Every structure is written in structure tokens, then in C-alpha cells.
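# Fold and contact review
Take a look at the letters that make up each chain.
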Amino acid sequence: MVGIAAQVSLYPLRQEALSPAIDEALQIFRDHGLDVEPGAMSTMITGEDIAVFAALQEAFRLVVGQGP
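Before going into details, it helps to say that this report is about the structure given with it. (Residues numbered from 1 in each chain as written. Predicted model: local features only at pLDDT ≥ 70, side-chain atom pairs only at ≥ 80, totals over all residues. Heavy atoms only, no water.)

For helix α2 (residues 49-64), with 16 residues, the first-to-last C-alpha span of 22 Å sits near the 22 Å given by 1.5 Å per residue. Three or more residues of α2 are buried, namely A51, V52, A55, A59 and V63. Mapping the buried residues of α2 onto a view down its axis gives an arc of 100°, with all of them on the same face. Among the exposed residues of α2, those pointing more than 90 degrees away from its buried face are I50, F53, F60 and R61. Where α2 is buried, its residues meet β1 (3-8), α1 (19-31) and β3 (43-48). (Helix = DSSP H or I, 4+ residues; strand = E, 2+ residues; numbered from the N terminus. Expected span 1.5 Å × (residues − 1). Buried < 20%, exposed > 50% of the residue type's maximum accessible area, 1.4 Å probe, protein only. Arc of directions from axis to C-beta. Contact = heavy atoms within 4.5 Å.)

Have a look at this one:
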């Protein structure tokens with residue numbers, strides 16, 4: 001396994017509130033054991049490559065399922 005870092009931005013467009021989707025994505029990252037450093041416009045996540053990609057996929061699918 002390889003340690004990697006990714007800078008992630010999530011913009012849930014056409015949603016009444018942005019925070020719920022963003023908060024859920026951050027929790028998914030933490031649940032996968034990643035180091036999470038939220039910023040004003042993006043979040044840095046670091047961890048093992050398999051965990052990072054799995055967390056990104058899960059977060060993407062969650063947010064896509066919430067609306068357009």
C-alpha cells in the first residue's frame with residue numbers, strides 16, 4: 001500500500017443547504033481512517049491509497065444520490 005494525499009472540494013449544487021452533504025462526506029473520510037483537514041474551500045485527506053479511493057467513491061455516491 002502507498003500513502004497518498006488528495007485535496008477534495010464538494011459543491012452540492014441546487015441543494016437547499018450545503019453543510020449536510022459536506023458533513024456526511026467528511027464523516028465518510030474519517031470512517032475510512034483517513035486524516036482529514038477541512039479548509040475554507042477544500043479538504044485535505046491523507047491515508048493509504050486504497051482507503052482514500054474507497055472513501056472518495058463512497059462520498060461521491062452518497063452525494064450524487066441526494067439530488068441533481
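Take the pairing of β3 next. Here β1 pairs with β3 via six bridges, running antiparallel. By the bridge assignment for β3, G3 is matched with E48. Here strand β2 (residues 35-38) runs beside β3; their pairing, made up of four bridges, is antiparallel. Across the sheet, residue P38 finds its bridge partner in β3, namely T43. The turn joining β2 and β3, which pair antiparallel and follow one another in sequence, is formed by four residues. (Pairing = 2+ DSSP bridges.)

What follows is about the environment of G3. One can find G3 in strand β1. G3 sits in the exposed class, given a relative accessible area of 57%. Expressed as a C-alpha distance, the spacing of G3 and M41, which sit 38 residues apart in the sequence, is 23 Å. Not counting residues up to four positions away in its chain, the partners in contact with G3 are G47 and E48.

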